[in-house]
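# Architecture at a glance
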Amino acid sequence: MNKISNLHYYIHNIKASVKCSNENLRNFIEKSFFFFKKTQTHKFQINVTINLSNKKSFENLSKKFNKIGNNILLDSNKLIFQNHGLLYEFKITKKTIYINVYKQKKNDVFSKSKNIIKKILFKLDSYSIIRQSIILPIIWVLSRKFNIHALHGGATSINKKSYIFSGLAGVGKSNLTLFMTLQKKFKFLSDNFLLFDNKFIYPFPEWIRVMDDSKKLMPELKSFFAGQNLKRNNKNYYLLPNSQISQKIKPKIFLFTEIGNNCGLKKVKNTYAINRILLSKDQVKEFPEQNFVALLDLLTKNIKQNRKEELNTLNKFLTKTVCYIFTINKNISIEKNLDFLIKKTNYV
């Protein structure tokens, strides 16, 4: 039997090593983290072992660990939670997080019957697994260890000038960043998790999420949409090649997107921007703070108050930008909306 080699990725001071024998999931991981394969120096490590052939019982584990909430167990150095039929086990040392993912073993007849039905009706959700075991732990480590935080938004850059789009779901952020990259020769940084510190925004080019209705709004991208994609929760997920991804860049133009009947660009103060960014982040529930992963804070001694650090960093970050509310005119094409935006911000 051939030995399965680990997969290694280098993400802004973190080395993520993944051991996974499931071929389909392994290929999905390789595809998802294509941008981070280049070996780089790192100061922290995340070791992930995904063993879907091994089953563990949450009920049996609850006899050894304290239950601190529904589906959550904790002791002095280990956090365990169950999610979508899988068990996630976290252990932290000074410079490493160890994460194990197992299938959940059900003991009672009712639970076993539910599992059989789920296997028939639902496929293995590869994205959910990497989100819980790789993406969210990376974002947690970046904020706690390196003061690199995340907000809900996308970003592109051109000629050392960056455009950041923030806001709730369904207001055109993905459409704008994708169209700018494919049609306007911009470089792509992110679609969902925008990473930032005091000075820069950092690339995090995971899957771009596009609704079916959005595809109709961008007929120019027909050939791109015809390519291979992932379908999940009524959304289409796409990836861009390395050549279209930006390196880290200084922030410049920060935009809250809204949809209306006319194009508009209204300048706003940084205090307004901070409140709106944090409210949007809390509302979309995409981040470690709204996930079991946030409970890793309970395993970390002498940790800084992360929200305070995030606010300080966000405030310094926004002093380097000009903030606007950008109203997208729903009655005209995305290209015409972008032409309006680029013209209005040409001298910023």
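Quick note: structure is the one above.
Note that the structure is a prediction, hence the values are computed from the model and not measured.

Before going further, it helps to examine the pairing of strand β4 (residues 66-69). Here 3 bridges tie β4 to strand β5 (residues 72-74), and the two strands are oriented antiparallel to one another. Within β5, the position partnered with Lys-67 by the bridge is Leu-73. The hairpin turn running from β4 into β5, its antiparallel successor, is 2 residues long, and Asn-71 in that turn takes a positive phi close to 70 degrees.

The biggest cluster of nonpolar side chains holds 81 residues, and the ones touching the most others in it are Ile-29, Ile-50 and Ile-97. Broken down by element, this core gets its largest block of residues, 12 residues, from helix α4 (residues 126-146). The residues touching Ile-50, leaving out its near neighbours within four places in the chain, are Val-18, Lys-19, Cys-20, Ser-21, Leu-25, Ile-29, Val-101, Ile-129 and Ser-133. Grouped together as the second largest cluster of nonpolar side chains are 20 residues, Leu-151, Leu-189, Phe-317 and Cys-323 included.

The phi angle at His-12 is positive, at roughly 50 degrees, despite the residue not being glycine. Tracing the backbone shows His-12 in the loop between β1 (7-11) and β2 (14-20). For Asn-13, which is not glycine, the phi dihedral falls at a positive 85 degrees. Considering the arrangement of structural elements, one finds Asn-13 in the loop between β1 and β2.

Our focus in this paragraph is the sheet that holds β4. Ordered by their spatial adjacency, 8 strands build an open sheet running β1-β2-β3-β8-β7-β6-β5-β4, and the pairing between neighbours is mixed. Either end of the sheet is taken by a strand with one partner, and the two such strands are β1 and β4. Within the sheet, the average angular offset between the axes of one strand and its neighbour, ignoring direction, is 20 degrees. Each of β1, β2 and β3 (44-56) touches helix α1 (residues 23-32); the most contacted strand, β1, lies at about 25 degrees to it.

Rules and cut-offs
Residues numbered from 1 in each chain as written. Predicted model: local features only at pLDDT ≥ 70, side-chain atom pairs only at ≥ 80, totals over all residues. Heavy atoms only, no water. Pairing = 2+ DSSP bridges. Helix = DSSP H or I, 4+ residues; strand = E, 2+ residues; numbered from the N terminus. Core = buried A, V, L, I, M, F, W, Y, C linked by side-chain atoms within 4.5 Å. Buried < 20%, exposed > 50% of the residue type's maximum accessible area, 1.4 Å probe, protein only. Contact = heavy atoms within 4.5 Å. Axes fitted to C-alpha atoms, helices over the stretch in contact; angles between N-to-C directions.

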